Amino acid sequence: MTGAPDTAAPLVLAHDISGSGPLLVLIHGITENRAAWDPVDLTADFEVLRVDVRGHGQSPVQAPFDPFTLAADVHATVEAVRPGVVPIVVGHSMGGIIATAYASRYPVKAVINIDQALALGDMQAQVKKMEPLLKSPLFPVLVGQVFRSMRGELPAAENKRLKKLRTPRREVVLGVWSPMLTQTPEELATTVDETVAVPEDVPYLVIAGLDPGPDYREWLRGRIPSLTYEVWAKTHYPHLVEPDRFVARVKEFAAAGE
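Every value quoted in this text rests on a predicted model; they were computed, and no experiment measured them.

## Thoughts on helix 11 (residues 243–256)
Next, step 1: With 14 residues, helix 11 should reach 20 Å at 1.5 Å per residue; the first-to-last C-alpha distance of 20 Å fits that figure.
Next, step 2: Along helix 11, the residues classified as buried are Phe-246, Val-247, Arg-249, Val-250, Phe-253 and Ala-254. Take helix 11 and look down its axis: the buried residues cluster within an arc of 165 degrees, on one side only. Exposed residues lying more than 90 degrees from the buried face of helix 11 are Asp-244 and Ala-256.
Next, step 3: Lining the buried residues of helix 11 we find strand 2 (23–27), strand 4 (88–92), strand 5 (110–114), strand 6 (204–208), strand 7 (227–231) and helix 10 (238–241).

Quick look at the structure:
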């Protein structure tokens, strides 16, 4: 492919699965693991597969960490546990990029992206400014500052829980952000276009907290015509601020796409 790296051999990820109903895959954010989803119980209506992304939780720390490799891992895990089943894919933060890349390459019933902007060119300048600190002994401090800046309306108890389960690994963070650090703006634009190549008949829901604004929404709608875009609580974790609302919305969105 142009711009995006070739994928490595996929891994079957550490995971758990429970519940009954249509298969729904939950993909967590950067430095976190599948326990990040604990407050959200979707098992009454779905068979829920929660994964630890490569380099996170109990899955191997094994490069590369580009979105297409990470999506291939998720697909390999789906095929290992439920061969041939087409899932609904839900991703938060980094998981939103992985879920989108998954839909660009593998069959899905629907995608839900929680607070992950996909116009990575807008983020590239910010990440490049952080590069010296990312590669310095201040790396853990910087990661902590990034998450504090995104907390918003997240309750203190939930913020404390997430802080405890995060495991910042420099190799992984630099690997996930590698396209923004190593590609030219033109190459990154090509990578983004390939990532958001979601089939037009796939329902795609964004639940935003830290909303990039109407210009971004129109940019995304131009690439994903099936887009539904909603703005919830002002936090990077809207699904954890309103978990009951989130469960109801997932159920409603999945039913509408049947």
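## What to know about empty space enclosed by the protein
Next, step 1: Enumeration over the complete set of coordinates arrives at three cavities of 30 Å³ or more.
Next, step 2: The space that makes up the largest cavity amounts to roughly 40 Å³.
Next, step 3: Taken together, Ile-97, Leu-118, Leu-120, Val-192 and Thr-195 make up the lining of the largest cavity.
Next, step 4: Of the residues in the lining of the largest cavity, the class split is four nonpolar, one polar and no charged.

## Focus on the side chain of Thr-100
Next, step 1: Relative to the helices and strands, Thr-100 is located in helix 2 (residues 94–105).
Next, step 2: A distance of 2.7 Å separates the side chain of Thr-100 from the backbone oxygen of Gly-96, its partner in a polar contact.
Next, step 3: Leave out the neighbours within four places in its chain, and Thr-100 touches Asn-113, Leu-118, Thr-195, Val-196, Val-198 and Tyr-204.

## Description of the sheet that holds strand 2
Next, step 1: One open sheet accounts for seven strands, arranged 1-3-2-4-5-6-7; its pairing is mixed. Looking along the sheet, the strands with just one partner apiece sit at the ends: strand 1 (15–19) and strand 7. Strand-to-strand twist of the sheet, defined as the mean angle between neighbouring strand axes without regard to direction, takes the value 15 degrees.
Next, step 2: Two elements, strand 5 and strand 6, share four bridges in a ladder whose sense is parallel. Looking across to strand 6, one finds that Ile-114 is bridged to Ile-207.

## Some remarks on the packing of aromatic side chains
Next, step 1: Per the counting criterion, the structure on display carries three aromatic pairs.
Next, step 2: Aromatic side chains Tyr-216 and Trp-219 sit 5.7 Å apart centroid to centroid with 25 degrees between the ring planes, which places their arrangement in the stacked category. Within this pair, Tyr-216 and its partner Trp-219 are both found in helix 9 (residues 214–223), separated by three residues, close to a single helical turn.
Next, step 3: Here Tyr-216 falls in the buried class, since its relative accessible area comes to 7%.
Next, step 4: On the basis of an interplanar angle of 65 degrees and a centroid distance of 6.3 Å, the ring pair of Tyr-216 and Tyr-229 is categorised as edge-to-face. Linking Tyr-216 in helix 9 with Tyr-229 in strand 7, this pair joins segments that are 13 residues apart in sequence.

Thresholds, definitions, all that
- Residues numbered from 1 in each chain as written.
- Predicted model: local features only at pLDDT ≥ 70, side-chain atom pairs only at ≥ 80, totals over all residues.
- Heavy atoms only, no water.
- Helix = DSSP H or I, 4+ residues; strand = E, 2+ residues; numbered from the N terminus.
- Expected span 1.5 Å × (residues − 1).
- Buried < 20%, exposed > 50% of the residue type's maximum accessible area, 1.4 Å probe, protein only.
- Arc of directions from axis to C-beta.
- Contact = heavy atoms within 4.5 Å.
- 1 Å grid on protein atoms, 1.4 Å probe; cavity = no way out; pocket = protein on both sides within 12 Å on 5 of 7 lines; lining within 4 Å.
- Points joined across faces, edges and corners; volume = space filled by probe spheres on them.
- Nonpolar A, V, L, I, M, F, W, Y, C, P; charged D, E, K, R; others polar.
- Polar contact = N/O pair within 3.5 Å; in protein donor to acceptor, adjacent residues only side chain to side chain.
- Pairing = 2+ DSSP bridges.
- Axes fitted to C-alpha atoms, helices over the stretch in contact; angles between N-to-C directions.
- Phe/Tyr/Trp six-rings, centres within 6.5 Å; stacked < 30°, edge-to-face > 60°.

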